Structures are given as C-alpha cells and as structure tokens.
Amino acid sequence: MVYFDQILLDTPTLLVSYSSRHKLIQAQWRGRFDAELAQQQCQLMLASLPPTQPVHRMVNDSSEVFGEWLEAGNWIGEVLAPALAARGVRAVAWINAMDWPSREAVACTVSLTQKLPIKTFDFDEADAALAWVLSIEA
C-alpha cells in the first residue's frame, strides 16, 4: 500500500496526490470530460507538481472518467508528456476508463506519447498499475 502524504490538487474532476517515499503522483480523474476540460485539468495538474520534490512515477487513473475528450490526445502527447518528462517523470501507469469513448481516447493518447514509457492495456485494475509503476527505478 502506498501512503500519499500530500494532496496537491483537489477539484470536482481531479484529485492529485503525492507520495514522497515513492516519488509518485497519482491523478484520479472523475466525471464527464470533453477535450477542453481535459486539457485545462492537465494544465492544473502540471502546475500542482511539487517544485522542490522529485516526481519520477505517475499513476493516471481514468477509471471514473466518461465522455469524449479524444481531441485533447494530441496536446497530451505533444505538450503534457514532454513537460512531465522534463520534470523527471519516467513512467506513467494509465488505468483505463470503463466508458468506451474515454477508453478509446486513452488508447489513442498513449500511442501519441513518445517521451515516457506509458503502459495502459494491462491496467484495468489499480493494483496492477501501481505494482508496475513501482517496479520502475526512481
């Protein structure tokens, strides 16, 4: 079990927590998203990262997301992923959405991301995602 010692951001659609021990952030997305809201919340998440603490791993939990935000995929792949890599993030475990349009958006977004090792298709469960991301050297 991972203890998250800081809540970095808490909005109605996004909760971002930080574990200093594991140098890990967890983003829990929730609710209906469109491309504009997805991009806006990604920017808030990036701005919430602790400036003086290392972040090498991320669990991106989209299991409670629904809606059509596929158009944000290019921005996530071209802007957000390189920004995360520049902050030191080495691995992102992405937990799939159960909603089909969101699940498709996750798959398309991951395929566009070239800067980070992102694994998504095996992660329909949080435990598997967390185990994998913790196996990546921090």
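Predicted model, so just to flag it, every value in this text is computed and none were measured.

Chemist: Whenever I open this one, the pairing of strand 4 (residues 57–66) confuses me. Can you help?
Modeler: Where a strand is regular, its side chains alternate between the two sheet faces. Of all ten residues in strand 4, seven are buried, a share of seventy percent or more. In this sheet, strand 4 lies alongside strand 3 (residues 24–32) in parallel orientation, the contact comprising eight bridges. Residue L24 lies in a different strand from strand 4, and its bridge partner there is R57. The parallel pair strand 3 and strand 4, bridged by helix 1 (residues 35–48), forms a crossover whose chirality is right-handed.

Chemist: Please clarify how the pattern of salt bridges should be interpreted in this entry.
Modeler: Under the defined criterion, the tally for this structure stands at one salt bridge. One salt bridge in this structure joins D10 and R30, with 2.8 Å as the shortest N-O distance. Pair noted here: D10 is in strand 1 (residues 6–10) and R30 is in strand 3, with a separation of 20 residues, a long-range link. Judged by relative accessible area, R30 falls into the partly exposed class, the value being 23%.

Chemist: For this particular structure, what's the right way to read the side chain of H22?
Modeler: Checked against the element boundaries, H22 lands in the loop between strand 2 (14–19) and strand 3. Those residues within four positions of H22 in sequence are excluded, and the remaining contacts are V2, R57 and L134.

Chemist: Would you mind showing me how to read the nonpolar core here?
Modeler: The nonpolar side chains of a soluble globular protein tend to be buried, and buried together. Within the largest apolar cluster, 29 residues are counted, with the highest numbers of intra-cluster contacts made by W29, M45, M58 and W69. Elements with a contribution of two residues or more to this core: strand 1, strand 2, strand 3, helix 1, strand 4, helix 2 (73–86), strand 5 (91–95) and helix 3 (100–112). With residues near it in sequence (within four places) discarded, W69 still touches F33, D34, A35, A38, I76, W94, S102, A105, V106 and T109.

Chemist: Is there a simple way to explain the packing of helix 1 against helix 2 in this structure?
Modeler: Each packed pair of helices is defined by two parameters, the angle between the axes and the distance between the axes. Interhelical geometry of helix 1 versus helix 2 gives an angle of 5° and a closest axis separation of 11 Å. Classed by the angle they form, the pair helix 1 and helix 2 counts as roughly parallel. Contacts between helix 1 and helix 2 involve Q39, C42, Q43, M45 and L46 on the former and, on the latter, W75, I76, L80, A83 and L84. When its residues are assigned to classes, the contact of helix 1 with helix 2 shows eight nonpolar, two polar and no charged.

Chemist: Can you help me understand the packing of aromatic side chains in this one?
Modeler: The description of an aromatic ring pair rests on the distance of the ring centres and on the angle between the ring planes. One pass over the structure, following the stated rule, counts one aromatic pair. Centroid distance W29 to F33: 5.6 Å. Interplanar angle 70°. Geometry classified as edge-to-face. By the burial criterion, W29 is buried, and F33 matches it.

Chemist: Sorry if this is basic, but what is going on with helix 1 here?
Modeler: Every α-helical turn comprises 3.6 residues, leaving residues that sit three or four positions apart pointing alike. In a regular helix each residue adds 1.5 Å, so 14 residues correspond to 20 Å; helix 1 covers 20 Å between its end C-alpha atoms and thus fits that length. Of all the residues in helix 1, the buried ones are A35, A38, Q41, C42, M45 and S48. Along the axis of helix 1, the buried residues cluster in a sector spanning 150°; they form a single face. Looking at helix 1, the residues exposed on the side facing more than 90 degrees away from the buried face are E36 and A47. Here the buried face of helix 1 lies against strand 1, strand 2, strand 3, strand 4 and helix 2.

What counts, and at which threshold
- Residues numbered from 1 in each chain as written.
- Predicted model: local features only at pLDDT ≥ 70, side-chain atom pairs only at ≥ 80, totals over all residues.
- Heavy atoms only, no water.
- Buried < 20%, exposed > 50% of the residue type's maximum accessible area, 1.4 Å probe, protein only.
- Helix = DSSP H or I, 4+ residues; strand = E, 2+ residues; numbered from the N terminus.
- Pairing = 2+ DSSP bridges.
- Right-handed = clockwise from strand over helix to strand, strands pointing away.
- Salt bridge = Lys/Arg side-chain N within 4 Å of Asp/Glu carboxyl O.
- Contact = heavy atoms within 4.5 Å.
- Core = buried A, V, L, I, M, F, W, Y, C linked by side-chain atoms within 4.5 Å.
- Axes fitted to C-alpha atoms, helices over the stretch in contact; angles between N-to-C directions.
- Parallel < 35°, antiparallel > 145°, perpendicular 65-115°, else oblique.
- Nonpolar A, V, L, I, M, F, W, Y, C, P; charged D, E, K, R; others polar.
- Phe/Tyr/Trp six-rings, centres within 6.5 Å; stacked < 30°, edge-to-face > 60°.
- Expected span 1.5 Å × (residues − 1).
- Arc of directions from axis to C-beta.

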